[in-house]
Amino acid sequence: MDLKTGREFDVPIGAVVKLCDSGQIQVVDDEGNEHWISPQNASHIKPMHPTSIHGVEDMIRLGDLNEAGILRNLLIRYREHLIYTYTGSILVAVNPYQLLPIYSPEQIRLYTNKKIGEMPPHIFAIADNCYFNMQRNNKDQCCIISGESGAGKTESTKLILQFLAAISGQHSWIEQQVLEANPILEAFGNAKTIRNDNSSRFGKYIDIHFNKRGAIEGAKIEQYLLEKSRVCRQAQDERNYHVFYCMLRGMTLEQKKKLGLGKATDYNYLAMGNCTTCDGRDDSKEYANIRSAMKVLMFTDTENWEISKLLAAILHMGNLQYEARTYDNLDACEVVQSASLITAASLLEVEPQDVMNCLTSRTIITRGETVSTPLSMEQALDVRDAFVKGIYGRLFVWIVEKINAAIYRPPSQELKSIRRSIGLLDIFGFENFTVNSFEQLCINFANENLQQFFVRHVFKLEQEEYNLENINWQHIEFTDNQDALDMIAIKPMNIISLIDEESKFPKGTDATMLHKLNSQHKLNTNYIPPKNNYETQFGINHFAGIVYYETKGFLEKNRDTLHGDIIQLVHSSKNKFIKQIFQADVAMGAETRKRSPTLSSQFKRSLELLMRTLSVCQPFFVRCIKPNEYKKPMLFDRELCVRQLRYSGMMETIRIRRAGYPIRYTFVEFVDRYRVLMPGVKPAYKQGDLRGTCQRIAEAVLGKDDDWQIGKTKIFLKDHHDMLLEIERDKAITDKVILIQKVVRGFKDRSNFLKVRNSVLMIQRYWRGHNCRKNYGAMRIGFLRLQALYRSRKLHKQYHMARRRIIEFQARCRGYLVRRAFRHRLWAVLTVQAYARGMIARRLYKRLRGEYHRRLEAEKLRLAEEERLRKEMSAKKAKEEAEKKHQVRLAQLAREDAEREVKEKEEARRKKELLEKMEKARNEPVNDSEMVDKMFGFLGTTSSLPGQEGQAPNGFEDLEQAQKELEEEDLDAALPLPEEEEEDLSEYKFAKFAATYFQGTTTHTYIRRPLKQPLLYHEDEGDQLAALAVWITILRFMGDLPEPKYHTAMSDGGEKIPVMTKIYETLGKKTYKKELQALQGEGEVTAAAVKETLTHIDGHKKNSVRHKLVSLTLKKKSKLTEETT
Ligand SMILES: Nc1ncnc2c1ncn2[C@@H]1O[C@H](COP(=O)(O)OP(=O)(O)OP(=O)(O)O)[C@@H](O)[C@H]1O
Ligand SMILES: [Mg+2]
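What counts and what doesn't
Residues numbered from 1 in each chain as written. Chains lettered and ligands numbered in written order. Predicted model: local features only at pLDDT ≥ 70, side-chain atom pairs only at ≥ 80, totals over all residues. Heavy atoms only, no water. Helix = DSSP H or I, 4+ residues; strand = E, 2+ residues; numbered from the N terminus. Buried < 20%, exposed > 50% of the residue type's maximum accessible area, 1.4 Å probe, protein only. Contact = heavy atoms within 4.5 Å. Donors = N, O, S within 2.8 Å, 3.2 Å for Na, K, Ca; no water. Polar contact = N/O pair within 3.5 Å; in protein donor to acceptor, adjacent residues only side chain to side chain. Salt bridge = Lys/Arg side-chain N within 4 Å of Asp/Glu carboxyl O. Phe/Tyr/Trp six-rings, centres within 6.5 Å; stacked < 30°, edge-to-face > 60°. Core = buried A, V, L, I, M, F, W, Y, C linked by side-chain atoms within 4.5 Å. Near = heavy atom within 4 Å. Areas by Shrake-Rupley, 256 points an atom, 1.4 Å probe, with all protein chains shown as cover. Nonpolar A, V, L, I, M, F, W, Y, C, P; charged D, E, K, R; others polar.

Undergrad: Where do I start with the environment of Glu 465 in this structure?
TA: For Glu 465, the location among the structural elements is in helix α15 (residues 438–468). Here Glu 465 falls in the buried class, since its relative accessible area comes to 19%. As a C-alpha pair, Glu 465 and Gly 711 span 246 residues in sequence and 9.6 Å in three-dimensional space. Leave out the neighbours within four places in its chain, and Glu 465 touches Arg 664, Lys 714 and Phe 716.

Undergrad: Looking at this model, I keep getting lost on the coordination of the magnesium ion (ligand 2). Mind explaining?
TA: The protein atoms that coordinate the magnesium ion (ligand 2) are Thr 154 (OG1) and Ser 200 (OG), at distances of 1.8 to 2.0 Å. Separated by 46 residues along the polypeptide, Thr 154 in helix α5 (residues 153–168) and Ser 200 in strand β8 (residues 199–200) bring together distant segments of the chain. Here Thr 154 and Ser 200 have matching classes, each one buried.

Undergrad: Would you mind going over the side chain of Glu 306 with me for this structure?
TA: For Glu 306, the location among the structural elements is in helix α11 (residues 301–318). Overall, the relative accessible area of 14% leaves Glu 306 in the buried class. Separated by 3.2 Å, the side chains of Glu 306 and Asn 575 make a polar contact. Residues in contact with Glu 306, not counting those within four places in the same chain, are Asn 575 and Phe 577.

Undergrad: Would you mind showing me how to read the pattern of salt bridges here?
TA: Two side chains that carry opposite charge are able to pair once their charged atoms sit near each other. Taken as a whole, this structure holds 58 salt bridges when the rule is applied. A salt bridge links Asp 197 to Lys 631; the nearest nitrogen and oxygen atoms lie 2.7 Å apart. Placement of Asp 197 in the loop between β7 (190–191) and β8 and of Lys 631 in the loop between β19 (618–625) and α25 (638–648) is noted, with a sequence separation of 434 residues between them. When its relative accessible area of 23% is taken as the criterion, Asp 197 is described as partly exposed. Take Lys 631: its relative accessible area is 27%, and that puts it in the partly exposed class.

Undergrad: Can you walk me through the packing of aromatic side chains in this structure?
TA: What describes a pair of aromatic rings is the distance from one ring centre to the other and the angle between the planes of the rings. Inspection of the entire model under this criterion finds 24 aromatic pairs. Taking the centre distance of 6.0 Å and the plane angle of 75 degrees together, the rings of Phe 299 and Trp 398 count as edge-to-face. Note that Phe 299 is positioned in the loop between α10 (283–296) and α11 and Trp 398 in helix α14 (residues 377–407), a separation of 99 residues in sequence. The class for Trp 398 is buried, based on a relative accessible area of 8%. Measuring from ring centre to ring centre gives 4.6 Å for Phe 454 and Phe 621, while their planes differ by 80 degrees; the resulting arrangement is edge-to-face.

Undergrad: For this particular structure, what's the right way to read the nonpolar core?
TA: With 195 residues, the main nonpolar core has Phe 188, Phe 244, Ile 307, Phe 387, Tyr 392, Ile 403 and Leu 614 as its most contacted residues. Looking at this core, the element that brings in the most residues is α14, giving 14 residues. Listed in part, the 20 residues of the second largest apolar core include Phe 670, Val 681, Leu 702 and Leu 717.

Undergrad: Sorry, what's going on with the site of ligand 1 here?
TA: Taken together, 17 residues are adjacent to ligand 1, and Ser 149, Lys 153, Thr 154, Ser 199 and Ser 200 come closest. Within the side chain of Ser 149, a nitrogen or oxygen atom sits 2.6 Å from an oxygen atom of ligand 1. Contact distances for ligand 1 include 2.6 Å between an oxygen atom and a side-chain N or O atom of Lys 153. A total of 630 Å² of accessible area belongs to ligand 1 in isolation, and the protein chains cover 86% of it. Listed by contribution, the elements that provide at least two residues to the shell around ligand 1 are α5 and β8. In terms of residue class, the shell around ligand 1 is made up of four nonpolar, 10 polar and three charged.

Undergrad: Even after reading the chapter, I still don't get the environment of Glu 865, so can you show me in this structure?
TA: Relative to the assigned elements, Glu 865 resides in helix α29 (residues 719–872). For Glu 865, a relative accessible area of 9% gives the class buried. A C-alpha to C-alpha distance of 8.3 Å links Glu 865 and Lys 879, two positions 14 residues apart in sequence. Contacts of Glu 865, omitting those with residues within four sequence positions, involve Arg 870, Ala 882, Lys 885 and Arg 889.

So, in structure tokens, the structure goes:
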């Protein structure tokens, strides 16, 4: 996705489509930002090549072979901690800023003797290939490691060195010495900068020599362009070279005292950047390392001490104080007498006064005369700094030489042919700062050279490959940076030579130099002249972009010479060491010094040497990339990386490749990838003629005449061919995928369907079974109910029919009985009515007759009275008197009648009440005790007359009738009933019965004591006893004998023991059984005395049996009553 911001280092970013909604597309880019792309911005997005999706190990394989593709590939790999990636033969290493577990001895072993590409990309793979190529091809190898400051060049160099030491591994002394050279070089040549805590401030080329067995035999270190200005100046948050801080931290107090040293903060040269410590660095420990490394590399103690002395002198020089003066109208200055001056002078072993003079004045020789002119303060400070830089620069050169002396063995004549080397170039990459000076020009010049070398190498490789594959490559063109190089340093009047010339020209200034550059190169397309006369910058169009150089100080830097006075001062020194490091300068005369090579020419020469060395080597390239400016792990700054990719020259590889056939596949790869485009083509491993198959596929898809070529092992394609092939492949694969999907989905859906159907059938089965069972159950119940209903109805009908019949029958019977009874009653009623009316009529007649008789009597009396009175009085008066008395008697009679009538009425009312009462009593519920009372009540009163005991109990209605009969009899006494109705009841009388049947003198009256013998005669003794027992029970029942104890105990519980139970208990089972037997044995008269007492029946056998049954019924009844209560 290209957001088209127009920024210089902005490149399209990878993104994933998240949503496609109403023409708009939502994408999430690699940095997690969401974007909406509208249809009019559709050109902003373009499909990603399949190779870019998950990244590739060799970026040459990327379909999107452009900056965006490379950047995304690096990014996705970096996120997975895969910091190494190839671009053809170049290894791209992204600084992880964290220690990854990929440098172990195990990894070294894994990468040993492997071809590039066999294992994942790794710095060890490069080192391994260097080593084995060197041995196999008997050719020197070199490894060019480039990148920005902090990108990891030095670390990569060290890793390669370690790998080489490990695989060539003898653990020899020389090997150790080669490895130990690094700490010393880093101490003197590295410093903390804002970009890198261990920034190498010089370029170096380490040439490692191997003997014929492949063991390290020696090495040679070449150093380039040490940044000497750092000794005097550091930017904010930067430090001077590590060695100063290490020395101040690591030296003993005694040593420090000898050198007059204190803390780092005491020295202007160390405290300028306000930063004297560095996180993660222990300076005192480092000092120990440096000392031990120096020992390994044969630095003597004296040399060591001398170095320390010079370093200390530099620090003291930095603390010198100046005072401005004016002599003869000339600006001058003086060095303040101070301890620093004295110590510095003593350490340099020169006179302090000489130092003062040397630093504040300049001797000029004109026409054979020596004239001393004072220096202004500014100039004096420059002189001091130049002196200090001179000392440090030469010291550094001396140290490198010293190291080389230890590790370098010049090849002996006879061994020359078999000694091989691997060179490691750790050199600053292309630089483009806001202000670029002479140093940047040198560095970028070096990088132009390296780029040229690189491009040629890549092109050569390409060329080789085409040749090898028999590919026609004539038309491949590429642009290299030869023009720029020509302008800078090759062609006559080049920039470097012009600067040099101007540096040597006595009147030459930076301005005159710029003028010359302009006039010489203004027409060159690679030169950008200043816009106007006041501007002091010129620009060069380098391979990696335009860089503007500030010309101020160019000549001075280029001259890089020390003033004669300083050389003189050194010459006057008693210190052999300083003399030694300045040996070359001292040896030269003043004039020769002037003509001595400038910095640029020196640099150019060493660069030429280097390029010559490299050109005979088989090169490997390592491009280090710094992912962010903050030295932080897992932080990927896209713009920063794009800039480095451009400067790394990697795009050149791509350009060269694109110019030819950027896409190439081996036949196997091609067949396996594109055989899908030709139906019937078998996989590569089954093919005999792979080349032919490739050709057929290519011809079929790309056409015969198109510009693709087929080599010996590979097929070479242009970008658009690859695109076409990919599109076709995509289509074909999509078709196949759809087919597979169709089948698989069909299969899946079908099996799923079958599963579901089986399940459904199963469920249905169970459900239907369940339903049927349920319905069957319901129906069964229904049928049962129907049956029941039907049967019940049938039964009901039958019952009702039977009932109706019975009722009808009953009704008829009852009707009959009722009619009969009614007739009988009617007859009885009519009879009673007749009798009653007769009786009433007779009574009325009797009364009327009586009244008539009484009235007659009274009339008679009146007449007799009248008669009698007539005798006494007059007739009339007698009559009146008799009448009067007669009236009194009549009144008396009337009164008597009235009284009798009242009495009769009263009697009638009482009878009516009695009847009503009886009627009510008959309707009342039966009460057990009452019933017993009623049944046996008559026994209570001995005096009561038989037949007058009250109403008879149930079952004794016949007796009742008898009673009624008795009442009737009473009535009959007044009104005799018809003759035929009367019955002889005398035989039923108790008294008569007793007199007839009871033994001895026993009467029918109840006695309150036990009997001596049963009332009736019994043959069986048991019966006799039973009869006696029954009597005793009766006495107890009546309360005339006390209850036996257990009975009282039982009855105490409030439990009412039925009378008959008591009777059974008293009699015992045996007696009861016998009684039953007696009943069964028909005709036997062995009735119990009690029953005989109760039943009041005669000795008639038939009657006795009937009454016994009646009494049994009674027993049962009472038992039932008991149970129901
Ligand atoms: N392979 C690596 N694994 C872990 N850390 C690394 C690796 N490479 C570099 N670094 C880290 O990055 C820092 C800078 O690396 P290095 O000093 O090699 O950079 P440089 O390219 O040499 O920079 P300069 O040009 O300033 O010398 C190291 O101090 C280290 O912390
Ligand atoms: Mg470095």
